[in-house]
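One letter stands for each residue in the lines below.
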Amino acid sequence: MQIPYLIEITYLVASVLFIYGLKAMSHPTTARRGMNAAGIGMLAAIVGTLLHQAIVTYEWIIIGLVIGSLIGAAMSVWMPMTAMPQRTALSHAFGALAATIVGIAEFYQHAGELGSFKMTAIGFEVLFGGITVTGSLIAFAKLQGLVRGTPVTYTGQNIVNVSLFIAAFALFVYLIFFPVGILFYVMVGMALLFGVLLVIPIGAADMPVVMSLMNSYAGLASAATGFALNNKVLIIAGTLDGFSGFILSILMCRAMNRSITNVLFGAFGSVGTEESQVEGTMREVSLDDVAVQMAYARQVVFVPGYGMATAQAQHALRELADTLAHRGVSVKYAIHPVAGRMPGHMNVLLAEANVPYSLLYELEQVNPEMPTTDVVVVVGANDTVNPDARDNPKSAIAGMPIIEVDRATQVIVLKRGQGKGFSGIENPLFFKPNTAMLYGDAKDSLSKLTTAVQQA
Amino acid sequence: MQIPYLIEITYLVASVLFIYGLKAMSHPTTARRGMNAAGIGMLAAIVGTLLHQAIVTYEWIIIGLVIGSLIGAAMSVWMPMTAMPQRTALSHAFGALAATIVGIAEFYQHAGELGSFKMTAIGFEVLFGGITVTGSLIAFAKLQGLVRGTPVTYTGQNIVNVSLFIAAFALFVYLIFFPVGILFYVMVGMALLFGVLLVIPIGAADMPVVMSLMNSYAGLASAATGFALNNKVLIIAGTLDGFSGFILSILMCRAMNRSITNVLFGAFGSVGTEESQVEGTMREVSLDDVAVQMAYARQVVFVPGYGMATAQAQHALRELADTLAHRGVSVKYAIHPVAGRMPGHMNVLLAEANVPYSLLYELEQVNPEMPTTDVVVVVGANDTVNPDARDNPKSAIAGMPIIEVDRATQVIVLKRGQGKGFSGIENPLFFKPNTAMLYGDAKDSLSKLTTAVQQA
Amino acid sequence: MTTETIISLLYVFALAAFLGYLVISKVPPLLHTPLMSATNAISGISLVGAIVLAGSNHDRVSTILGIIAVISATINVVGGFMITDRMLRMFQEKTGKKG
Amino acid sequence: MTTETIISLLYVFALAAFLGYLVISKVPPLLHTPLMSATNAISGISLVGAIVLAGSNHDRVSTILGIIAVISATINVVGGFMITDRMLRMFQEKTGKKG
Ligand SMILES: NC(=O)c1ccc[n+]([C@@H]2O[C@H](COP(=O)([O-])OP(=O)(O)OC[C@H]3O[C@@H](n4cnc5c(N)ncnc54)[C@H](OP(=O)(O)O)[C@@H]3O)[C@@H](O)[C@H]2O)c1
Ligand SMILES: NC(=O)c1ccc[n+]([C@@H]2O[C@H](COP(=O)([O-])OP(=O)(O)OC[C@H]3O[C@@H](n4cnc5c(N)ncnc54)[C@H](OP(=O)(O)O)[C@@H]3O)[C@@H](O)[C@H]2O)c1
């Protein structure tokens, strides 16, 4: 068998192992084995590629691989778990950059001889890729706090964006028939610009959805690369990636009860919503009171939210929960599907803090238990426990499923002050008679509570 | 675009629609729409094929299509639902026959010029195909009662089978390197013979598993045809078919707590099993007593089995159930996964009798309700309600999950006499104090019960 | 057949195998009988090979084989789709009468 | 590119799309974050295109582009797999301590 077919076979093996790996992600006990298999597939494909007969010098390849590995390894080892959203955004930029560059080079080398199919593939590749490179970088900057997270808007914004999109697309169609160098690079530039314009009007809080969409674009760019290079493993991996991003963004939007168009093009809560009149007062409670209540409760449910992530309070939370469990209190964690800023955000943080996943309960499982729960501790969650979503059809988050903590006997809310949640609306929960506020940084409050419970 | 590529595109469309169709089978409300889509895909592929440039005369094609359609339509319109197992066996024979013939013709036409890859594909095609043709025909004959269902065994049987298999396989390997005409036909003959020998030692009762295996072979034969003809839709359809058969046979074996090898090569219950000593006596009950008990029960659960299928009693059962429901009795149907002789057998029959599928309960759902059920009516089931499977670890069916009817307050068993079930073992259920026998054909008994209940 | 073609076929086979596993294992026991006849109907797609065989007038033996193959495959296709539909119709009507 | 090749690629795409849908929608919310980094790592497979570009010495521009592409893709591959593993290890250790 000749080398080219040996290479093809390593690609086939890689494809199968990739699919197997993602399939294994359907359960935490098999996931790791699956990803190891996928890693082996990746290695096989890389080794296979190194045999490619077009390769004449290896020095640049090796330099690139070494630099990339060092950066990648460093990022993964030293990155705190709480920075996952930023890291993910950045990695979409890298992935899309690689795809875009391969597309540009393909055009650069063969501009004259490109058939219309191949040109179409390259066009999709650089369009999706270009948008993703700049879009993800802006998302990264907003999430990391490098630029202000507030939406940048101006009048006529949507018109500018749509015109740019149409212009780029027209250029694309023209290029399929007349692949002219300069116009191609103009198109790449437009895609890069479009990525910027698409993301700047979106607030930091909506970044997760944007990020997932970028994920899906990056995947599609890879798949298009596969079409351009006649490489099936690229098509498969890219398509899987594309679907993953797409499905996750749909899930997020559904859990937030919004549409993707609304996230991308609508200012949040700008029309037709109405906050409910808040009745009652916010009642503060002392740390020791809370400790006693928890220590003598039958069941305590913790509801973590974005505040737990910013406070990095997962370890402190676990300690408190362990202390309670030790005293015989039944402890559960209720995880809302969009708590935090990323799908599965809370799960990962709690896993990092060694919380067994058998203690994590989903919305549907935990809500029926609320009325029989003595104490619910809301750790930096806000929107995901806002009863307005259920009770006030005019609320900006109306219809979003919530964890119905207000049905519990006693609710303790840990937060720093009067800060609003992601949606920026008032939360009537805080004013209910059975709710008490414990102000302060979540990590701090939790550690103090642990000490207090131990002495109770 | 030239014709060949137009054809290819119809095949691509067909592939997508086939997959969509089977995916839609995951729910009864979408299944029909899915199959309509698959049908359209099939039509597209056929019309596409008719444009094939190798076709010079259409008369034979049309004759074949017309004859086939008439037979197919007649079979599907006039076939009683209870004959589904036979029909399925027969259709595997037809499918495999088509694949085998295409393989033979391919060899016949190109014997000299076949590359080793293509020869390998053709070899698999005729081997799988040949085994399936005769194997399925024998299965059909046994299920239809054309030949006696009892296993035909003789000493050294397994040795003969294994030798034949090895010989055919050796021939196959030889043919890959030296595709000699006469040897090829010998191999086809051996495959046909092997199909017969494989199935005759298996009892009629084990036919369902054999049938599913044949299903999977027929699928693999089609997939091999795809490899031989460089036709991707054949590969896809064949692989889907192959997996379907394989998964169903695994499910059946698991539900019967046996291995596939045991079904294929082991005489059933031949070693190490022991029937439990039967205590108590079988108590007969009068029709009117049963009617009264049912009429005044709070909940009646019907447990249909193979006897309902042979008696074609599904309509009579539905009527009785409706009559009871009308009187305010809560009525449920408990469906064991391997009740009857085919996966989903009971479901189809009851659906035919217009029983809403919301009334059908699976094993795991209904067992917890048994202790609070007043009356259980076993309609021609036997093994699937045999408490020995649970209680006697030495039983031939030990470990098979059962519907635990013996936990109900009162069990009524409808059967014709002392007949045993599929496994041929005694059923202690019939001797329990809370069990009463109502002898007679199930359909008959059920109709009479309906009348009696109406008068009660 | 070129090696590139062979590799394409292997890709299709590998992906179809995964799909087969995923799709079929999602079918509930309720629909196992219709599933059997549905896959049967679909695998009647070998009809496309049979049609070419019967119509290409290669030689008498091929044509006869072709006709037999067309007939058998058509029986499966027509019979399979019709009977699946007949069964699924029974299941579907239930939705309305539910409860 | 021949039309046959194009059609093969379309087949692969269609099947991969179904697989993507089926496989991804089976991943529980618990693992959505690792899923994101896993697909990221896998889509780093565009590295294979980058490697050929960087090594084929076509012209200076291509080589420079190639190196950049190799670096970015490698970051994703190495970083993606490592961080996914780091996360999954956290989830996995829980099995033992369960209850
Ligand atoms: N998970 C996803 O995939 C995703 C994606 C897109 C959007 N979202 C949105 O994100 C929101 C998530 O809801 P959530 O309930 O988790 O959080 P949230 O509504 O964003 O509220 C976070 C709360 O945490 C408090 N907080 C912040 N830092 C804290 C600290 N160091 N210590 C203690 N408390 C602190 C804040 O109040 P103070 O400032 O007063 O402390 C705030 O009320 C939802 O609206 C969801 O739709 C989620
Ligand atoms: N469903 C599948 O996929 C599948 C596949 C392979 C094997 N099997 C096996 O098949 C068996 C199915 O169990 P099952 O409980 O459904 O049935 P069964 O154990 O086969 O028993 C059937 C019973 O129905 C009675 N019967 C027959 N004709 C009747 C009539 N006209 N009226 C009334 N009663 C009649 C028979 O007793 P009388 O003769 O006294 O009337 C017999 O006891 C299991 O052992 C299973 O493992 C099933």
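Overview of the structure.

What counts and how
Residues numbered from 1 in each chain as written. Chains lettered and ligands numbered in written order. Predicted model: local features only at pLDDT ≥ 70, side-chain atom pairs only at ≥ 80, totals over all residues. Heavy atoms only, no water. Helix = DSSP H or I, 4+ residues; strand = E, 2+ residues; numbered from the N terminus. Rg over C-alpha atoms; globule rule 2.2 N^0.38 Å. Contact = heavy atoms within 4.5 Å. Areas by Shrake-Rupley, 256 points an atom, 1.4 Å probe, with all protein chains shown as cover. Salt bridge = Lys/Arg side-chain N within 4 Å of Asp/Glu carboxyl O. Patch = residues over 30% accessible without salt bridge, like charges linked within 9 Å, V, L, I, M, F, W, Y side chains within 5 Å. Pairing = 2+ DSSP bridges. Axes fitted to C-alpha atoms, helices over the stretch in contact; angles between N-to-C directions. Buried < 20%, exposed > 50% of the residue type's maximum accessible area, 1.4 Å probe, protein only. Core = buried A, V, L, I, M, F, W, Y, C linked by side-chain atoms within 4.5 Å. Least-squares fit on C-alpha atoms with pLDDT ≥ 70 in both. Near = heavy atom within 4 Å. Polar contact = N/O pair within 3.5 Å; in protein donor to acceptor, adjacent residues only side chain to side chain. Nonpolar A, V, L, I, M, F, W, Y, C, P; charged D, E, K, R; others polar. Parallel < 35°, antiparallel > 145°, perpendicular 65-115°, else oblique. Left-handed = near helix turned anticlockwise from the far one by under 90°. 1 Å grid on protein atoms, 1.4 Å probe; cavity = no way out; pocket = protein on both sides within 12 Å on 5 of 7 lines; lining within 4 Å. Points joined across faces, edges and corners; volume = space filled by probe spheres on them. Buried area = accessible area lost by both parts, 1.4 Å probe. Expected span 1.5 Å × (residues − 1).

### Some points on the overall build of chain C
When helices and strands are tallied, chain C shows four helices and zero strands. In sequence order, the secondary structure elements of chain C are arranged as α-α-α-α. The globule rule puts the C-alpha radius of gyration for 99 residues at 13 Å, and the 18 Å found for chain C is more than 25% above it. Overall, chain C is about 60 × 30 × 15 Å in size when its C-alpha atoms are taken along their principal axes. If you take every contact in chain C between residues at least 6 apart in sequence, the share linking residues at least 24 apart comes to 58%. For chain C, the computed accessible surface area is about 2,800 Å², with 62% contributed by carbon and sulfur atoms.

### Comments concerning the pattern of salt bridges
All names here are of chain A. All chains considered together, the criterion is met by 24 salt bridges over all chains. Across the pair Arg390 and Glu404 runs a salt bridge whose closest N-O atoms are separated by 3.0 Å. In this pair, Arg390 sits in helix 16 (residues 388–391) while Glu404 sits in the loop between helix 16 and strand 5 (410–415), placing the two residues 14 residues apart along the sequence. Bridged by salt links that share partners, the residues Arg390, Asp391, Glu404, Asp406, Arg407 and Lys432 form one connected network.

### Side note on a nonpolar patch on the surface
All names here are of chain A. Taken together, Val162, Phe165, Ile166, Phe169, Val173, Tyr174, Phe177, Phe178, Val180, Ile182 and Val186 make up a surface patch of nonpolar side chains, about 1,000 Å² in accessible area. Secondary-structure elements contributing two or more residues to the nonpolar patch are helix 6 (157–177) and helix 7 (181–199). The element best represented in the nonpolar patch is helix 6, accounting for seven residues. Mapped onto the fold, Val180 is located in the loop between helix 6 and helix 7.

### Some remarks on the sheet that holds strand 5 (residues 410–415) of chain B
Residue and element names in this part refer to chain B. What the six strands build is an open sheet, ordered 3-2-1-4-5-6; its pairing is parallel. Of all strands in the sheet, those bounded by a partner on one side alone are strand 3 (360–362) and strand 6 (435–439). Going across the sheet, the axis of each strand differs from the next one's by a mean of 25°, ignoring polarity. Contacting strand 1 (299–304), strand 2 (330–335) and strand 4 (375–379), helix 13 (residues 314–326) crosses the sheet at an angle of about 145° to strand 2. The strands that helix 14 (residues 345–352) touches are strand 1, strand 2 and strand 3; relative to strand 2, the one it contacts most, it runs at about 140°.

### As for the sheet that holds strand 4 (residues 375–379) of chain A
All names here are of chain A. Ordered by their spatial adjacency, six strands build an open sheet running 3-2-1-4-5-6, and the pairing between neighbours is parallel. Edge positions in the sheet fall to strand 3 (360–362) and strand 6 (435–439), since each of these pairs with one other strand and no more. Geometrically, the sheet is characterised by an average inter-axis angle of 25° between neighbouring strands, direction not taken into account.

### Topic: the pairing of strand 4 of chain A
All names here are of chain A. Strand 4 sits mainly inside the fold: five of its five residues count as buried. Burial of the side chains of strand 4 extends over both faces: Val375, Val377 and Val379 are buried on one face and Val376 and Val378 on the other. Across five bridges, the pairing between strand 1 (residues 299–304) and strand 4 is parallel. When the bridges of strand 4 are listed, Phe302 appears paired with Val377.

### Some remarks on the nonpolar core
Judged by nonpolar contacts, the single largest core of 314 residues is most densely connected at Phe302 of chain A together with Phe302 of chain B. Other than its neighbours up to four places away in sequence, Phe302 of chain A contacts Leu317, Leu320, Ala321, Leu324, Val331, Lys332, Tyr333, Ala334, Val377 and Val379 of chain A.

### With respect to the relation of the copies chain D and chain C
There are two copies of the chain, and a rotation about an axis plus a shift along that axis relates them. Rotating chain D by 180° and moving it 0.0 Å along the rotation axis overlays it on chain C with an RMSD of 0.0 Å. Here the two chains are linked by the operation of a two-fold rotation axis. Taken as a fraction of all interface residues of chain D, those also at the interface in chain C reach 100%, which identifies the copy contact as same-surface.

### Here we look at the site of ligand 2
All names here are of chain B. As a matter of local geometry, ligand 2 sits amid 31 residues, with Asn382, Asp383, Thr384, Arg416 and Phe422 nearest to it. Residue Pro343 places a main-chain N or O atom 3.2 Å away from an oxygen atom belonging to ligand 2. Here an oxygen atom of ligand 2 sits 2.7 Å away from a polar atom, N or O, in the side chain of Arg416. Burial of ligand 2 by the surrounding chains reaches 97%, relative to a free accessible area of 910 Å². Listed by contribution, the elements that provide at least two residues to the shell around ligand 2 are helix 12 (306–311) and strand 5. In terms of residue count, helix 12 provides more of the shell around ligand 2 than any other element does, four residues in total. Taken together, the residues of the shell around ligand 2 break down into 14 nonpolar, 11 polar and six charged.

### Section: the packing of helix 13 (residues 314–326) of chain A against helix 17 (residues 442–455) of chain A
Residue and element names in this part refer to chain A. Axis separation between helix 13 and helix 17 bottoms out at 8 Å; the angle between their running directions is 20°. Considering the angle they form, helix 13 stands roughly parallel to helix 17. For the pair helix 13 and helix 17, the crossing hand works out as left-handed. Across from Ala316, Leu317, Glu319, Leu320, Thr323 and Leu324 in helix 13, the residues of helix 17 making contact are Lys443, Leu446, Ser447, Leu449, Thr450, Val453 and Gln454.

### Some thoughts on empty space enclosed by the protein
Scanning the model with the defined rule gives one cavity of 30 Å³ or more in all. In this model, the largest cavity occupies a volume close to 30 Å³. The wall of the largest cavity is formed by Glu8, Asn230 and Lys232 of chain B together with Glu4 and Ile7 of chain D.

### Points about the interface of chain C and chain B
At the junction of the two partners, chain C supplies 86 residues and chain B supplies 96 residues. Where chain C abuts chain B, roughly 8,200 Å² becomes buried across the two surfaces, and 78% of that area is made up of carbon and sulfur atoms. Counting every contact that joins chain C to chain B gives one salt bridge. Asp85 of chain C is paired through a salt bridge with Arg32 of chain B; the nearest N and O atoms lie 2.9 Å apart. Mapped onto the side of chain C that touches chain B, the elements with two or more residues apiece are helix 1 (3–24), helix 2 (32–43), helix 3 (47–55) and helix 4 (60–97) of chain C. For the side of chain C that touches chain B, a count of residues per class yields 49 nonpolar, 28 polar and nine charged.

### A look at the side chain of Lys332 of chain B
Counting through the fold element by element, Lys332 of chain B comes out in strand 2. On the accessibility criterion, Lys332 of chain B (12% relative accessible area) is buried.

### Here we look at helix 2 (residues 32–43) of chain D
For helix 2 of chain D, which comprises 12 residues, the first-to-last C-alpha distance of 16 Å matches the rise-based estimate of 16 Å (1.5 Å per residue) to within 8%. Buried within helix 2 of chain D we find His32, Thr33, Pro34, Leu35, Met36, Ser37, Ala38, Thr39, Asn40, Ala41, Ile42 and Ser43 of chain D.

### Some words on the site of ligand 1
Residues and elements named next belong to chain A. Every one of the 32 residues lining ligand 1 counts as a neighbour, but Asn382, Asp383, Thr384, Arg416 and Phe422 are closest to it. Note that an oxygen atom of ligand 1 is positioned 2.7 Å from one of the side-chain N or O atoms of Asp383. Contact distances for ligand 1 include 2.8 Å between an oxygen atom and a side-chain N or O atom of Arg416. Contributing elements (two or more residues each) for the shell around ligand 1: helix 12 (306–311) and strand 5. When the residues that make up the shell around ligand 1 are grouped by side-chain class, the tally is 14 nonpolar, 12 polar and six charged.

### Notes on the interface of chain D and chain C
With 12 residues of chain D at the interface, the matching set in chain C holds 12 residues. Interface area, chain D with chain C, both sides summed: about 980 Å², of which 80% is carbon and sulfur. A per-residue breakdown of the area chain D buries against chain C is headed by Leu15, Leu19 and Leu22 of chain D, which together make up 49% of the total. Seen at the junction of chain D and chain C, the total is zero salt bridges. For the interface between chain D and chain C, the tally reads one residue pair in polar contact (both at pLDDT 80 or more). Among the residues making up the side of chain D that touches chain C, the classes are represented as eight nonpolar, two polar and two charged.

### So, the environment of Glu125 of chain B
Residue and element names in this part refer to chain B. Secondary-structure assignment places Glu125 in helix 5 (residues 116–144). The spacing of Glu125 and Phe227 is 102 residues in sequence and 9.2 Å in space, taken between C-alpha atoms. Residues within four places of Glu125 in sequence aside, it is in contact with Ala99, Val102, Gly103, Gly130, Ala221, Ala224, Thr225 and Ala228. Reaching out from Glu125, the side chain makes a polar contact with the backbone nitrogen of Gly103 at a distance of 2.9 Å.

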